[in-house]
Amino acid sequence: MTTSSPPALALDGASIDGGLYTDVTDFARHTHWLNGTAAAYSSVGMGVFAVMLLAAWWRARREGNAVMTAVLATPFAVIIAYVANTAIKDVFQEPRPCRALPHDFLIEACPPVDDYAFPSNHTTVAFAFVAALFLINRRLGQVALLAAVAMGASRVYVGAHYPHDVGVGALVGTVMSLLVVLAARRFCQPLVQRLRDGALRPLLTAAPPSRHAAGHAAEQDTDRTMQLGRIPAPTSGDAPGRPADPAAGYAAPGHPVPPRAGYAAPGRFPHQAAGDPAGRPVRHTAGQGYGRPVEHPTGRPAAQPGAQPTGRAPEWR
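Note that residues are indexed from 1 along each chain, following the sequence as it is written. Only residues with pLDDT of at least 70 are given local features in this predicted model, and only at 80 or more are side-chain atom pairs given and counted; all residues enter the totals for whole chains, interfaces and linings. Calculation of side-chain values draws on the structure's entire complement of heavy atoms; hydrogens and water are dropped beforehand.

A. Structural view of helix α8 (residues 163-187). Strands are runs of DSSP state E lasting at least two residues, helices are runs of H or I lasting at least four, and both sets are numbered from the N terminus onward. By this rule the span expected of a helix is its residue count minus one, scaled by 1.5 Å. The end-to-end C-alpha separation of α8 is 37 Å, in line with the 36 Å expected for 25 residues at 1.5 Å each. Each residue's exposure class comes from its accessible area (1.4 Å probe, protein chains only) as a fraction of the maximum for that residue type: buried when under 20%, exposed when over 50%, partly exposed otherwise. Of all the positions in α8, only H164, D165, V166, G169, A170, V172, G173, S177, V180, V181 and A184 are classed as buried. Note on contacts: a residue pair qualifies if any of its non-hydrogen atoms lie within 4.5 Å across the two residues. Here the buried face of α8 lies against α1 (13-29), α4 (65-92), α6 (121-136), α7 (138-157) and α9 (189-197).

Next up, the structure:
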(Lines give C-alpha, C1' and ligand atoms only; values in the text may rest on other atoms or scores of the structure.)
Protein backbone atom coordinates (compact mmCIF):
# COMPACT_ATOMS: atom_id res chain seq x y z
CA MET A 1 0.00 0.00 0.00
CA THR A 2 1.37 3.32 -1.03
CA THR A 3 0.68 6.63 0.65
CA SER A 4 0.72 10.00 -1.00
CA SER A 5 3.56 12.19 0.13
CA PRO A 6 3.34 15.96 0.27
CA PRO A 7 4.84 17.82 -2.69
CA ALA A 8 8.44 18.83 -2.40
CA LEU A 9 7.64 22.57 -2.72
CA ALA A 10 4.78 22.56 -0.20
CA LEU A 11 5.08 25.49 2.19
CA ASP A 12 4.66 25.13 5.91
CA GLY A 13 2.83 28.37 6.54
CA ALA A 14 2.65 27.80 10.28
CA SER A 15 6.44 27.96 10.50
CA ILE A 16 6.51 31.29 8.68
CA ASP A 17 4.00 33.41 10.58
CA GLY A 18 1.73 30.97 12.35
CA GLY A 19 2.16 32.91 15.62
CA LEU A 20 0.87 36.13 14.04
CA TYR A 21 -2.03 34.21 12.52
CA THR A 22 -2.93 32.86 15.97
CA ASP A 23 -2.82 36.36 17.46
CA VAL A 24 -5.26 37.62 14.84
CA THR A 25 -7.66 34.73 15.28
CA ASP A 26 -7.53 35.15 19.07
CA PHE A 27 -8.51 38.78 18.52
CA ALA A 28 -11.43 37.54 16.42
CA ARG A 29 -12.41 35.19 19.24
CA HIS A 30 -12.79 38.16 21.62
CA THR A 31 -14.59 40.47 19.18
CA HIS A 32 -17.77 38.58 18.42
CA TRP A 33 -19.53 41.84 17.54
CA LEU A 34 -17.21 42.16 14.52
CA ASN A 35 -17.33 38.57 13.32
CA GLY A 36 -20.45 38.85 11.18
CA THR A 37 -19.36 42.07 9.44
CA ALA A 38 -15.88 40.72 8.70
CA ALA A 39 -17.23 37.44 7.37
CA ALA A 40 -19.75 39.21 5.11
CA TYR A 41 -17.17 41.59 3.69
CA SER A 42 -14.69 38.76 3.19
CA SER A 43 -17.27 36.86 1.16
CA VAL A 44 -18.99 39.53 -0.95
CA GLY A 45 -16.71 42.54 -0.62
CA MET A 46 -15.52 42.16 -4.22
CA GLY A 47 -18.71 43.92 -5.24
CA VAL A 48 -17.22 47.14 -3.87
CA PHE A 49 -14.45 47.02 -6.46
CA ALA A 50 -16.94 46.30 -9.26
CA VAL A 51 -18.91 49.40 -8.27
CA MET A 52 -15.76 51.53 -8.28
CA LEU A 53 -14.88 50.23 -11.74
CA LEU A 54 -18.34 51.24 -12.97
CA ALA A 55 -17.79 54.71 -11.54
CA ALA A 56 -14.44 54.89 -13.32
CA TRP A 57 -16.08 53.87 -16.61
CA TRP A 58 -18.75 56.57 -16.21
CA ARG A 59 -16.10 59.25 -15.69
CA ALA A 60 -13.90 57.88 -18.48
CA ARG A 61 -16.62 58.52 -21.07
CA ARG A 62 -15.63 62.20 -20.84
CA GLU A 63 -11.90 61.48 -20.78
CA GLY A 64 -9.36 60.66 -23.46
CA ASN A 65 -8.56 57.32 -25.04
CA ALA A 66 -5.82 56.51 -22.51
CA VAL A 67 -8.23 56.57 -19.58
CA MET A 68 -10.93 54.60 -21.38
CA THR A 69 -8.35 52.04 -22.49
CA ALA A 70 -7.27 51.53 -18.89
CA VAL A 71 -10.90 51.05 -17.84
CA LEU A 72 -11.55 48.46 -20.53
CA ALA A 73 -8.29 46.67 -19.72
CA THR A 74 -9.04 46.37 -16.00
CA PRO A 75 -11.28 43.26 -16.20
CA PHE A 76 -8.64 41.51 -18.30
CA ALA A 77 -5.96 42.52 -15.80
CA VAL A 78 -7.99 41.11 -12.90
CA ILE A 79 -8.61 37.81 -14.70
CA ILE A 80 -4.96 37.43 -15.67
CA ALA A 81 -3.85 38.19 -12.11
CA TYR A 82 -6.28 35.56 -10.79
CA VAL A 83 -5.01 32.94 -13.25
CA ALA A 84 -1.39 33.68 -12.38
CA ASN A 85 -2.15 33.46 -8.67
CA THR A 86 -3.91 30.12 -9.12
CA ALA A 87 -0.85 28.80 -10.93
CA ILE A 88 1.31 29.83 -8.00
CA LYS A 89 -1.06 28.03 -5.65
CA ASP A 90 -0.71 24.82 -7.63
CA VAL A 91 3.06 25.05 -7.51
CA PHE A 92 3.49 25.61 -3.75
CA GLN A 93 0.38 23.78 -2.48
CA GLU A 94 0.45 25.30 0.98
CA PRO A 95 -2.20 23.73 3.25
CA ARG A 96 -4.78 26.04 4.75
CA PRO A 97 -4.03 27.25 8.30
CA CYS A 98 -7.22 25.60 9.52
CA ARG A 99 -5.52 22.24 8.79
CA ALA A 100 -2.10 23.11 10.11
CA LEU A 101 -3.48 24.83 13.25
CA PRO A 102 -6.82 23.12 13.85
CA HIS A 103 -7.24 24.45 17.38
CA ASP A 104 -7.23 28.14 16.38
CA PHE A 105 -10.45 30.08 16.22
CA LEU A 106 -12.24 30.02 12.85
CA ILE A 107 -15.11 32.08 11.47
CA GLU A 108 -15.09 30.77 7.89
CA ALA A 109 -15.48 27.06 7.34
CA CYS A 110 -12.33 25.18 6.45
CA PRO A 111 -12.13 24.66 2.65
CA PRO A 112 -11.27 21.36 0.90
CA VAL A 113 -7.78 19.91 1.07
CA ASP A 114 -6.90 20.81 -2.52
CA ASP A 115 -7.90 24.47 -2.00
CA TYR A 116 -4.48 25.83 -1.11
CA ALA A 117 -3.71 28.95 0.89
CA PHE A 118 -0.69 30.56 -0.74
CA PRO A 119 -1.25 33.21 -2.12
CA SER A 120 -4.69 34.63 -1.30
CA ASN A 121 -6.98 34.87 -4.35
CA HIS A 122 -9.24 37.47 -2.72
CA THR A 123 -6.31 39.74 -1.97
CA THR A 124 -4.83 39.24 -5.43
CA VAL A 125 -8.04 40.30 -7.15
CA ALA A 126 -8.56 43.25 -4.80
CA PHE A 127 -5.09 44.69 -5.40
CA ALA A 128 -5.38 44.10 -9.13
CA PHE A 129 -8.35 46.46 -9.03
CA VAL A 130 -6.38 48.92 -6.93
CA ALA A 131 -3.45 49.13 -9.35
CA ALA A 132 -5.73 49.63 -12.35
CA LEU A 133 -7.88 52.25 -10.60
CA PHE A 134 -4.79 54.23 -9.61
CA LEU A 135 -3.90 54.47 -13.31
CA ILE A 136 -7.44 55.61 -14.11
CA ASN A 137 -8.22 58.01 -11.29
CA ARG A 138 -6.06 58.67 -8.25
CA ARG A 139 -8.96 59.32 -5.88
CA LEU A 140 -10.73 56.12 -6.84
CA GLY A 141 -7.44 54.30 -6.42
CA GLN A 142 -7.03 55.63 -2.90
CA VAL A 143 -10.52 54.49 -1.91
CA ALA A 144 -9.90 51.10 -3.52
CA LEU A 145 -6.62 50.76 -1.60
CA LEU A 146 -8.43 51.13 1.72
CA ALA A 147 -11.01 48.55 0.63
CA ALA A 148 -8.26 46.15 -0.49
CA VAL A 149 -6.37 46.43 2.80
CA ALA A 150 -9.61 45.69 4.62
CA MET A 151 -10.17 42.68 2.38
CA GLY A 152 -6.72 41.25 3.09
CA ALA A 153 -7.10 41.79 6.83
CA SER A 154 -10.51 40.13 6.80
CA ARG A 155 -9.06 37.00 5.16
CA VAL A 156 -6.72 36.54 8.11
CA TYR A 157 -9.38 37.57 10.63
CA VAL A 158 -11.82 34.87 9.49
CA GLY A 159 -9.03 32.25 9.59
CA ALA A 160 -8.76 31.58 5.84
CA HIS A 161 -5.14 32.70 5.27
CA TYR A 162 -1.82 33.35 6.89
CA PRO A 163 -0.57 36.96 6.80
CA HIS A 164 2.12 36.07 4.23
CA ASP A 165 -0.58 34.66 1.93
CA VAL A 166 -2.19 38.09 1.91
CA GLY A 167 1.08 39.96 1.38
CA VAL A 168 2.19 37.87 -1.59
CA GLY A 169 -1.31 37.99 -3.07
CA ALA A 170 -1.24 41.81 -2.94
CA LEU A 171 2.12 41.79 -4.72
CA VAL A 172 0.96 39.40 -7.46
CA GLY A 173 -2.24 41.34 -8.09
CA THR A 174 -0.46 44.70 -8.26
CA VAL A 175 2.33 43.56 -10.59
CA MET A 176 0.11 41.68 -13.01
CA SER A 177 -2.46 44.47 -13.19
CA LEU A 178 0.15 47.14 -13.84
CA LEU A 179 1.72 45.08 -16.62
CA VAL A 180 -1.58 44.45 -18.38
CA VAL A 181 -3.05 47.95 -18.06
CA LEU A 182 0.16 49.74 -19.05
CA ALA A 183 0.58 47.46 -22.06
CA ALA A 184 -3.02 48.12 -23.09
CA ARG A 185 -2.52 51.88 -22.85
CA ARG A 186 0.61 51.55 -24.95
CA PHE A 187 -0.79 49.42 -27.78
CA CYS A 188 -4.60 49.46 -27.70
CA GLN A 189 -5.55 53.12 -27.83
CA PRO A 190 -6.14 53.11 -31.63
CA LEU A 191 -8.53 50.18 -31.18
CA VAL A 192 -10.41 52.04 -28.46
CA GLN A 193 -10.68 55.07 -30.71
CA ARG A 194 -12.26 52.96 -33.44
CA LEU A 195 -14.70 51.49 -30.92
CA ARG A 196 -15.61 54.99 -29.78
CA ASP A 197 -16.30 56.02 -33.36
CA GLY A 198 -18.34 52.90 -34.09
CA ALA A 199 -21.33 51.10 -32.69
CA LEU A 200 -20.06 51.29 -29.09
CA ARG A 201 -19.94 55.08 -29.10
CA PRO A 202 -22.95 55.46 -26.73
CA LEU A 203 -21.18 53.28 -24.16
CA LEU A 204 -17.69 54.73 -24.51
CA THR A 205 -18.35 58.42 -25.12
CA ALA A 206 -20.60 60.82 -23.24
CA ALA A 207 -23.10 62.67 -25.44
CA PRO A 208 -22.44 66.44 -25.63
CA PRO A 209 -25.13 68.69 -24.13
CA SER A 210 -27.85 69.82 -26.53
CA ARG A 211 -28.13 73.45 -27.63
CA HIS A 212 -31.40 73.84 -25.76
CA ALA A 213 -29.86 72.55 -22.54
CA ALA A 214 -26.78 74.75 -22.98
CA GLY A 215 -28.93 77.83 -23.61
CA HIS A 216 -31.12 77.07 -20.60
CA ALA A 217 -28.02 76.72 -18.41
CA ALA A 218 -26.71 80.07 -19.69
CA GLU A 219 -30.01 81.75 -18.85
CA GLN A 220 -29.91 80.30 -15.36
CA ASP A 221 -26.37 81.60 -14.86
CA THR A 222 -27.42 85.08 -16.01
CA ASP A 223 -30.43 85.12 -13.69
CA ARG A 224 -28.27 83.98 -10.78
CA THR A 225 -25.72 86.72 -11.51
CA MET A 226 -28.44 89.37 -11.64
CA GLN A 227 -29.85 88.17 -8.34
CA LEU A 228 -26.43 88.57 -6.78
CA GLY A 229 -26.38 92.19 -7.97
CA ARG A 230 -23.36 91.86 -10.22
CA ILE A 231 -25.22 92.94 -13.37
CA PRO A 232 -28.21 95.34 -13.07
CA ALA A 233 -31.31 93.93 -14.65
CA PRO A 234 -32.25 95.65 -17.97
CA THR A 235 -35.54 97.54 -18.06
CA SER A 236 -38.01 98.21 -20.87
CA GLY A 237 -36.74 100.80 -23.33
CA ASP A 238 -33.37 101.09 -21.65
CA ALA A 239 -29.95 100.09 -22.86
CA PRO A 240 -28.99 96.54 -21.79
CA GLY A 241 -27.57 96.43 -18.32
CA ARG A 242 -28.18 100.14 -17.49
CA PRO A 243 -30.54 100.77 -14.58
CA ALA A 244 -33.42 103.15 -15.24
CA ASP A 245 -33.64 104.27 -11.63
CA PRO A 246 -32.67 107.98 -11.45
CA ALA A 247 -31.23 107.44 -7.98
CA ALA A 248 -28.59 105.20 -9.54
CA GLY A 249 -27.31 108.03 -11.73
CA TYR A 250 -28.92 106.97 -14.99
CA ALA A 251 -32.28 107.45 -16.60
CA ALA A 252 -34.25 105.62 -19.21
CA PRO A 253 -33.96 106.97 -22.77
CA GLY A 254 -36.17 110.03 -23.30
CA HIS A 255 -36.17 111.03 -19.62
CA PRO A 256 -33.91 113.79 -18.28
CA VAL A 257 -31.52 113.09 -15.48
CA PRO A 258 -32.67 114.99 -12.37
CA PRO A 259 -29.97 117.33 -11.04
CA ARG A 260 -28.06 116.37 -7.96
CA ALA A 261 -28.15 118.50 -4.87
CA GLY A 262 -25.69 121.40 -5.02
CA TYR A 263 -25.67 121.69 -8.82
CA ALA A 264 -27.72 123.86 -11.10
CA ALA A 265 -30.09 122.29 -13.56
CA PRO A 266 -29.24 122.55 -17.26
CA GLY A 267 -30.08 126.01 -18.59
CA ARG A 268 -30.01 127.68 -15.18
CA PHE A 269 -27.50 129.91 -13.54
CA PRO A 270 -25.55 128.84 -10.51
CA HIS A 271 -27.78 130.83 -8.15
CA GLN A 272 -30.76 128.80 -9.28
CA ALA A 273 -30.25 125.84 -7.02
CA ALA A 274 -31.43 122.33 -7.78
CA GLY A 275 -34.67 121.49 -6.06
CA ASP A 276 -36.39 124.74 -7.13
CA PRO A 277 -38.81 123.32 -9.72
CA ALA A 278 -39.81 126.76 -11.03
CA GLY A 279 -36.26 127.84 -11.51
CA ARG A 280 -36.71 130.85 -9.21
CA PRO A 281 -33.45 132.35 -8.00
CA VAL A 282 -32.26 131.65 -4.51
CA ARG A 283 -31.25 134.80 -2.65
CA HIS A 284 -27.89 134.65 -0.91
CA THR A 285 -27.28 136.59 2.26
CA ALA A 286 -24.00 137.91 3.51
CA GLY A 287 -21.66 135.14 4.50
CA GLN A 288 -23.34 132.59 2.24
CA GLY A 289 -21.59 133.57 -0.95
CA TYR A 290 -18.91 131.40 -2.46
CA GLY A 291 -16.97 133.93 -4.57
CA ARG A 292 -17.05 137.38 -6.05
CA PRO A 293 -20.09 138.95 -7.71
CA VAL A 294 -20.21 138.58 -11.48
CA GLU A 295 -21.98 140.50 -14.13
CA HIS A 296 -25.45 139.55 -15.16
CA PRO A 297 -25.70 138.00 -18.62
CA THR A 298 -27.64 141.09 -19.77
CA GLY A 299 -24.63 143.29 -19.05
CA ARG A 300 -25.99 144.98 -15.94
CA PRO A 301 -23.77 144.77 -12.88
CA ALA A 302 -24.84 142.40 -10.13
CA ALA A 303 -25.98 143.87 -6.83
CA GLN A 304 -23.30 144.15 -4.17
CA PRO A 305 -23.90 142.85 -0.67
CA GLY A 306 -25.72 145.47 1.37
CA ALA A 307 -27.01 147.38 -1.69
CA GLN A 308 -30.65 148.24 -2.25
CA PRO A 309 -32.66 145.38 -3.68
CA THR A 310 -33.38 145.73 -7.34
CA GLY A 311 -35.70 142.75 -7.66
CA ARG A 312 -32.91 140.56 -8.97
CA ALA A 313 -30.83 138.34 -6.76
CA PRO A 314 -27.05 138.67 -6.86
CA GLU A 315 -25.21 135.89 -8.54
CA TRP A 316 -22.06 134.37 -7.14
CA ARG A 317 -19.58 131.96 -8.43
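B. Region of interest: the environment of P190. Inspection of the secondary structure assignment puts P190 in helix α9. When its relative accessible area of 48% is taken as the criterion, P190 is described as partly exposed. Spatially, the C-alpha atom of P190 lies 8.2 Å from that of N65, the residues being 125 residues apart in sequence.

C. Focus on unusual backbone geometry. With an omega of -10°, the peptide bond running from F118 to P119 counts as cis. Positive phi, close to 50°, is recorded for Q93, a residue that is not glycine. Along the chain, the position of Q93 falls in the loop between α4 and α5 (97-100). Judged by relative accessible area, Q93 falls into the partly exposed class, the value being 23%.

D. Examining the side chain of D165 more closely. In this fold, D165 is placed in helix α8. Charged-residue counts in this description rest on Lys and Arg as positive and Asp and Glu as negative, His and the chain ends being excluded. We count a salt bridge whenever a side-chain nitrogen from Lys or Arg sits within 4 Å of a carboxyl oxygen from Asp or Glu. Buried and unpaired, D165 has R96 as its nearest opposite-charge partner, separated by 6.4 Å. Whenever a nitrogen or oxygen atom comes within 3.5 Å of another N or O atom, the pair is scored as a polar contact, on the condition that within protein one atom can donate a hydrogen and the other can accept it, and that pairs from neighbouring residues in sequence are kept only if both atoms are in side chains. One polar contact links D165 to H164, side chain to side chain, over a distance of 3.0 Å.

E. The arrangement of the state of the cysteines in detail. Our working definition of a disulfide is a cysteine sulfur pair at a distance within 2.5 Å. Considering all chains together, one arrives at 1 disulfide under this definition. The disulfide partner of C98 is C110, and the S-S distance across this bridge is 1.9 Å. Linking C98 and C110, the disulfide has an S-S dihedral of approximately 60° and is accordingly described as right-handed. In this pair, C98 sits in helix α5 while C110 sits in the loop between α5 and α6, placing the two residues 12 residues apart along the sequence. A residue is classified by how much of its surface remains accessible, and C110, at 32% relative accessible area, is partly exposed.

F. A look at helix α2 (residues 32-44). The end-to-end C-alpha separation of α2 is 19 Å, in line with the 18 Å expected for 13 residues at 1.5 Å each. Among the residues of α2, N35, A38 and S42 are the ones counted as buried. Projected down its long axis, α2 carries its buried residues within an arc of 85°, all on one side. When the buried face of α2 is taken as reference, the exposed residues oriented beyond 90 degrees from it are W33, T37 and V44. Those residues of α2 that are buried lie in contact with α1, α6 and α7. By definition, the arc is the one covered by directions from the helix axis to the C-beta atoms.

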